[in-house]
Each structure stands twice: as C-alpha cells, then as structure tokens.
Amino acid sequence: MTRKYGRENVAQIITFGTMKARAVVRDVGRVLDMPFAEVDRVAKLIRHARHDARQGARGEPALKELEGRDPRVKELLEVGRRLERMTRHASVHAAGVVIAPRPITEFAPLYKGQRTRSRRSGR
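As the structure is a computational prediction, the values presented were derived from the model and not from experiment. (Residues numbered from 1 in each chain as written. Predicted model: local features only at pLDDT ≥ 70, side-chain atom pairs only at ≥ 80, totals over all residues. Heavy atoms only, no water.)

**Regarding the nonpolar core**
(1) Moving on: With 15 residues, the main nonpolar core has Val 25, Val 42, Ile 46, Leu 63, Val 73, Leu 76 and Leu 77 as its most contacted residues.
(2) Moving on: Breaking this core down by element, the ones donating at least two residues are α2 (21–31), α3 (36–45), α5 (61–69) and α6 (71–83).
(3) Moving on: At four residues, α2 tops the list of elements feeding residues into this core. (Core = buried A, V, L, I, M, F, W, Y, C linked by side-chain atoms within 4.5 Å. Buried < 20%, exposed > 50% of the residue type's maximum accessible area, 1.4 Å probe, protein only. Helix = DSSP H or I, 4+ residues; strand = E, 2+ residues; numbered from the N terminus.)

**Examining a nonpolar patch on the surface**
(1) Moving on: Taken together, Met 1, Tyr 5, Val 97 and Ile 99 make up a surface patch of nonpolar side chains, about 360 Å² in accessible area.
(2) Moving on: Along the chain, the position of Ile 99 falls in strand β2 (residues 87–99).
(3) Moving on: With a relative accessible area of 39%, Ile 99 lands in the partly exposed category. (Patch = residues over 30% accessible without salt bridge, like charges linked within 9 Å, V, L, I, M, F, W, Y side chains within 5 Å. Areas by Shrake-Rupley, 256 points an atom, 1.4 Å probe, with all protein chains shown as cover. Salt bridge = Lys/Arg side-chain N within 4 Å of Asp/Glu carboxyl O.)

**What to know about the packing of α2 against α6**
(1) Moving on: It is at 9 Å that the axes of α2 and α6 come closest, and there the two elements cross at 125°. Here α2 lies oblique to α6, going by the angle between them. In this structure, α2 crosses over α6, and the sense of that crossing is right-handed. Touching Val 24, Val 25, Val 28 and Gly 29 of α2 are Leu 76, Leu 77, Val 79, Gly 80 and Leu 83, all from α6.
(2) Moving on: When the residues that make up the contact of α2 with α6 are grouped by side-chain class, the tally is seven nonpolar, two polar and no charged. (Axes fitted to C-alpha atoms, helices over the stretch in contact; angles between N-to-C directions. Parallel < 35°, antiparallel > 145°, perpendicular 65-115°, else oblique. Left-handed = near helix turned anticlockwise from the far one by under 90°. Contact = heavy atoms within 4.5 Å. Nonpolar A, V, L, I, M, F, W, Y, C, P; charged D, E, K, R; others polar.)

**Let's talk about α3**
Side chains of residues three or four places apart in an α-helix project in the same direction, reflecting 3.6 residues per turn.
(1) Moving on: Those residues of α3 not exposed but buried are Glu 38, Val 39, Asp 40, Val 42 and Ala 43.
(2) Moving on: At its buried positions, α3 is contacted by α2, α5 and α6.

**Describing the pattern of salt bridges**
(1) Moving on: Scanning all chains against the criterion turns up seven salt bridges.
(2) Moving on: Residue Asp 27 pairs with Arg 88 through a salt bridge whose shortest N-O separation is 2.4 Å. Here the residue Asp 27 occupies a position in helix α2, and Arg 88 occupies one in strand β2, the gap between them amounting to 61 residues.
(3) Moving on: Judged by relative accessible area, Arg 88 falls into the partly exposed class, the value being 43%.
(4) Moving on: In this structure, Glu 65 and Arg 69 form a salt bridge, with 2.7 Å as the shortest nitrogen-oxygen distance. Of this pair, Glu 65 and Arg 69 both sit in helix α5, separated by four residues, roughly a single helical turn.
(5) Moving on: Taking the relative accessible area as the measure of exposure, Glu 65 reaches 44% and is therefore partly exposed.

Next up, the structure:
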C-alpha cells in the first residue's frame, strides 16, 4: 500500500488498551503490598467487563459492605477508581489501515511506537 499510495499517505490504526476494574484492583493491591488472597477476593466481587469498580461498589452489597468495614479495601477501591479506564498501552490494530489523499499528518496526529519498521527490511 505504501508503494501504491505513498509512505506518508498510509498508516495503520492504533488501538488503546484500557485498565479494567478487576485488573486495576489487582495491580493496586500489589502496590499497596496487600496479601494476594485478600486482593483476589475483592477483585472477584467486582462484576465482569460491562461493570466497573464504581458501579460494582454501589451495586454489589458484599463489596460495599467490605469497603465500609475495611479501611485497606476502601483505599484499594478509591485508588482503583481513579486509575480505571486509563490507557494502559497502545498497539497496532490487526487490520485497520488509513489511506489519505495527502500526507496523513494533514488529517490526524501520528503515534510512533518503540518498534518502528525499517525501510530497508520492508518490515
């Protein structure tokens, strides 16, 4: 595609991975040096993907009760709520490509990752 349309007119689409509620709780628990079993118990009380820690604490009675009773769990969830949905990493979309009539920089910002492709190798 770059040979046909020009290197500056073609780019792959970037995707952003975000921090999900359960993963955030587990990460924060490690940082707070909480026992894994305790953090795992809290994480399992958070509902699956379509719910987040904010909804989970309000909607899940066992989690709400644990948060109100244990100050460490309260801190764990408070920090987790601030980090949840933040961008964790960026990667290249498996199939998304943008082709523009002029250099892409005229239409959208570009992201240059750590792994850049060499012109000589064609990779």
